[in-house]
Each structure stands twice: as C-alpha cells, then as structure tokens.
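Letter by letter, the chains look like this.
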Amino acid sequence: MVDKENYLNDSYTVWKLLEEHFQKIKKVHLRQLFTENPRRAEQLSVEDSGIYFDYSKNRVTSETMELLFKLAKQADLTHHIEAMFRGERVNTTEDRAALHIALRTPESSPIWLDGEDVVIKVHQELVKMARFARQVGQGQWLGFTGKPIRNVINIGIGGSDLGPEMAYEALRYYSIRNIRFAFISNVDATDFKETVEGLDPAETMFIISSKTFTTIETITNAYTARTWLLQHLRDEDAISRHFVAVSTNSAKVKEFGITPENMFVFWDWVGGRYSLCSAIGLSVMIAIGPENFYNLLAGFHEVDEHFLKTPLEKNIPVIMALLSIWYNNFFKAQSVAILPYEQYLKLFPAYLQQLTMESNGKDVDREGNRVSYQTGPICWGQVGTKGQHSFYQLIHQGTKLIPCDFIAFLEPLNKIVDHHELLLSNVFAQAEALAFGKTAEKLRAEGIQEKLIPFQTMEGNHPSTMILLNKLIPANLGKLIALYEHSVFTQGVIWRINPFDQWGVELGKVLASQIARELKNPDMPELGHDSSTNRLIQKYWKIIE
Ligand code: F6P
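Read on for a plain summary of the structure.

Conventions used here
- Residues numbered from 1 in each chain as written.
- Predicted model: local features only at pLDDT ≥ 70, side-chain atom pairs only at ≥ 80, totals over all residues.
- Heavy atoms only, no water.
- Helix = DSSP H or I, 4+ residues; strand = E, 2+ residues; numbered from the N terminus.
- Rg over C-alpha atoms; globule rule 2.2 N^0.38 Å.
- Buried < 20%, exposed > 50% of the residue type's maximum accessible area, 1.4 Å probe, protein only.
- Contact = heavy atoms within 4.5 Å.
- Areas by Shrake-Rupley, 256 points an atom, 1.4 Å probe, with all protein chains shown as cover.
- Salt bridge = Lys/Arg side-chain N within 4 Å of Asp/Glu carboxyl O.
- 1 Å grid on protein atoms, 1.4 Å probe; cavity = no way out; pocket = protein on both sides within 12 Å on 5 of 7 lines; lining within 4 Å.
- Points joined across faces, edges and corners; volume = space filled by probe spheres on them.
- Nonpolar A, V, L, I, M, F, W, Y, C, P; charged D, E, K, R; others polar.

1. Topic: the overall build of the protein chain
- Looking only at helices and strands, the protein chain features 21 helices and 13 strands.
- For the protein chain, the C-alpha radius of gyration of 25 Å lies close to 24 Å, the compact-globule estimate for 545 residues.
- For the protein chain, with 545 residues in total, the buried portion stands at 53%.
- When contacts within the protein chain are restricted to residue pairs at least 6 apart in sequence, those whose partners lie at least 24 apart make up 74%.
- When the accessible surface of the protein chain is summed, it comes to about 24,500 Å², and 52% of that surface belongs to carbon and sulfur atoms.

Set out below in structure tokens:
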C-alpha cells in the first residue's frame, strides 16, 4: 500500500500544500472569484492551435494552478512526455512503447524504434490504405459478382470499433453518401442480424479490425459474416473480394482466409484505444476520403506538438489533466461529464469512456503497489441539448459535484435558420447557470413566492470547462481527441500508473470462455463456480433441455 506519506516521494509536500489550499478554497464561490477579478476569463484561458480553452469557470485560483503545475513538475511530467515521444517502453507491464503519436507524424520526421524509422512504415501503410479507400469509394473495387461495393461493415470491438464508429459519425458531413457504413461489435447476434438485414452480400465489404485477431466477439462475428456471405455467393474465392483485415497478427489473419494483399497492418506499439490513426481508421478513410483523413492526422499532430513543446502553464492537455486531478483527488468528485454541443459528436462521450477508463482505471502504481488515492474518474456524457432535458437537473441541483467539459463550435456545418444560435446560446447558458446559479435574493426580487424559494434557488459553483473551436473540420476532430489522449497520459503520470495496459479485462474473458463451454454441456457432472454462478448456468441448461 502506498500511503500518502510516500506518495510521489518529494512531491508529497506539494500534495500536502494542495490539501491545505483545498481546505481554504473549497467553499469559495465562483461568483466571488469572478467579482474579485474582472480579468479572470482572460487569465484562466488559453488560445492555441485553433482551440479556445476557457477554464475560468473552474473552482481554482492562481494559487491552485501554481500548486498543480508544481505537482506536475515534481512528477517529472516533461521527462515522461519526452520519453513517450522518443519511443521508450513506457508501457512497462507489456514492455512496449506507446507511440500513437508516430501515426500522425509527418514523413520527414523520423522516430526510431529498435533501429527502425517507424514513421516510414506508417506512411507506407497510409499509402496502401489510400489506394484501397479510393478504389472502394469510387466504385472501382468490384465484388465477386462484378457489382461495386455499396456497404462497408467494420467488425471490431473496443478500440477497433469505438474510434472508427465515433470518427465516422463525427465526420459524416464529409462522407460519401453512395456507400452505407456500419459497425458491428457486440457478440449478441442481433447486432449482426439487424446490421446486415436487407443488404446484398454481393455489394458488401467487411473490414475485420482486431489488433490481436483473437478477440472472441470479433472473431465470432467475422466467421458469421463469412458464413452469411458464402451462403449467398457459394464460392470461397469470394472472400478475397469481400473481406479485408486490419491487424498486427498476420498468422491469425491468414488462418481466417484473408490474403496478405487484403491485410492492413499496424504495430504492437499502438494501443487499441489509441489506434484510430492507424489502419484501424480504414473505414473512416473510405468514408471521408484520404485527403480528409490526412487532415484529421494533421490536427492530431498539431496538438501532439503543442503537448510536447508548450510550457506546462499554457499546455491545454496538461491543464485539463490537472483540473481532473483537482476534482478527483481533492474535491473527491466521482465522475466527469463530457457534453459536446454538436450532434455529429454524439459518440464522443462513449469513445472517451474507453480512452479514459480503460487507461486510468487502475489500482496499482507503476511498481505494482496498491495505491491509496483515487485514480481515473467515471466518464460519461451526452450531446447537448438532449442531456439538458434528462440529467442536467442533477448536475445543477443534485448533491454530487460533477465537473463538466463543454465542447462547442462557433460555426455550424448545417446552417438552417437560427438553429446554431440556439445551440450555442444553450451551451453558454448552461456553463453560466452552473457556475453562478440563482440566489434566493434574486428570486425574491423577481417576486417568487416565499414557499418556492428553496426549490428554485440554484446554489451554482458547479465547475465547467469550455472547449471552443471554429468548426467541426477533420483537423479539429483530431485536435480534440489528442487533447484527451494527452490529458489521460498526464493524469497517469501524476497518479504513477500505467495508462497503456488493461489487465482488468482479462479475467472476465477467461471466465466467459470457460462458461461458454459449460453452457453447451448440460451433462457436466459438476460446476466449479460459486453457488450463484452455478445456478445461473443451470437455469440456462433447463431451457435447452
Ligand atoms: O477490452 C480489451 C481490449 O483489449 C481493448 O483494449 C481493445 O481495444 C479491444 O479489447 C479489442 O482488441 P482487439 O483489437 O485485439 O480485437
């Protein structure tokens, strides 16, 4: 157990100072902070890389930020950032580099790993992807019967699904409309059945996306897709016109029957939830075209550079991470809400759930010691204004502190009368209402009945951050994702955990395959689980008797 006395060793003093500082400011209201300092919005905001990042509505003072920056310095953050960018094996438990930044590095800037420039390999693969994406997108890639492809279905799960689906939805405005894109991930047969319903197999292309090519959900869906296709096309040769694979495991891909020409590769130094910029983004590239995909990568790269080169005090992902730590470890907030006011970003909160929670949901530090402090918060959210009519009540007047990230764009993609002004007015209004609330005096001045005052009083002092960009262009999506990736990394550094492994999901996988065998075998003399699990299995046996 790492106790607070040992926590971060020499940074313990900063941690202690932060605890003392927290006691002083925990009740200070944002109303007071804004009144005392008319330049607060200017001072607590950063404008860089086309991002306006306003963190002034957070419950911090300049002293809080100074202490938080000190914490980052004492955790040797800059050294850790440089180590990741250099390709050091920062994923220690898997003995791997975490070089997702190489996936969006320009060809002219080499990054060496084990004596090889990985950036060259990245660009070779991008060229292969672009050729294929153009062929499919322009109707030149013909199916087995000579028909062009009209449906592209990505089969994957986790990072091999959430990234592509989110990015496809986010950039749908730029996508070709003569091809239907769909994403199958759940092992529930309904996902497959309903997705292929009414589709012509002769016009359907499956992209089997799996880093390991052993993930049971993906492989099961892939074989089901194979059977579905062959039932209709009745010739094994059809596979090569309707299946491609994206993976790091060429042996398994071959075993499935996909030839090397139809395989797109990436590498073990790309974590699943960091893989969107690799060939895992193939479906997105087909949808939006290679040029837009390259622009997406350029946006990621701009924020990578910002993260690597900007002093901590103006470094947006670093500030995001420090605020998260402030609420998580000092205010003891349990969750953060991600609230994009942009319909195209409807899957962004779900995408961030894997990125943040699979990365920082850890209870041991880098040395394997159990931590005694809170690590990754719960991440959830919904697009505005939908959420306003659902859960915002609890954020405004509930008893829990939920820091919110608002994401908005100044210019709309779809301009119809005054929709965009209404959308923007809502996001600005929510941040204002959360911060400043409404006092009993104000309600009385408005003539509200005394008996209703307690119910209509809004305490305010609910923190939020506004991330404002100009327009949802591909580069801006890349910037947004990179902000969160690097914020997650920074939090991991300060909590001294490895954000790049995910051992916690393994036990469930092992037990599921054991139980899958048992469910099929009602004659088993004895089940070795606990009494609850045994009875659940027996319930299933009864219905298949
Ligand atoms: O959920 C665990 C996990 O390993 C994720 O990290 C990963 O994104 C997902 O499974 C899918 O893995 P693969 O791409 O190897 O099929």
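2. Digging into the pattern of salt bridges
- One pass over the structure, following the stated rule, counts 30 salt bridges.
- For Glu-94, the salt bridge goes to Arg-96, with nearest N and O atoms at 3.7 Å.
- Note that Glu-446 is salt-bridged to Lys-438, the shortest N-O span being 2.9 Å.
- Judged by its relative accessible area of 47%, Glu-446 falls in the partly exposed class.
- Looking at Lys-438, the relative accessible area reads 26%, which means it is partly exposed.

3. Description of empty space enclosed by the protein
- Per the stated rule, a full pass over the model turns up three cavities of 30 Å³ or more.
- There is about 300 Å³ of room inside the largest cavity.
- Considering the residues around the largest cavity, the lining is formed by 24 residues, among which Met-320, Ser-324, Val-336, Asp-405 and Gln-491 are closest to the centre.
- Those elements that place two or more of their residues in the lining of the largest cavity are helix H13 (316-330), strand E10 (335-340), helix H14 (348-360), strand E12 (404-409), strand E13 (464-469) and helix H19 (474-495).
- Examining the composition of the lining of the largest cavity, we find that five residues originate from one element, H19, more than from any other.
- Residues that form the lining of the largest cavity fall into these classes: 14 nonpolar, nine polar and one charged.
- Estimated volume of the second largest cavity: approximately 50 Å³.
- Lining the second largest cavity, in full, are Leu-103, Val-122, Glu-125, Leu-126, Met-129, Val-265, Trp-267, Cys-277, Ser-278 and Ala-279.
- If one sorts the elements of the lining of the second largest cavity by residue count, helix H6 (residues 118-137) sits on top with four residues.
- Of the residues in the lining of the second largest cavity, the class split is eight nonpolar, one polar and one charged.

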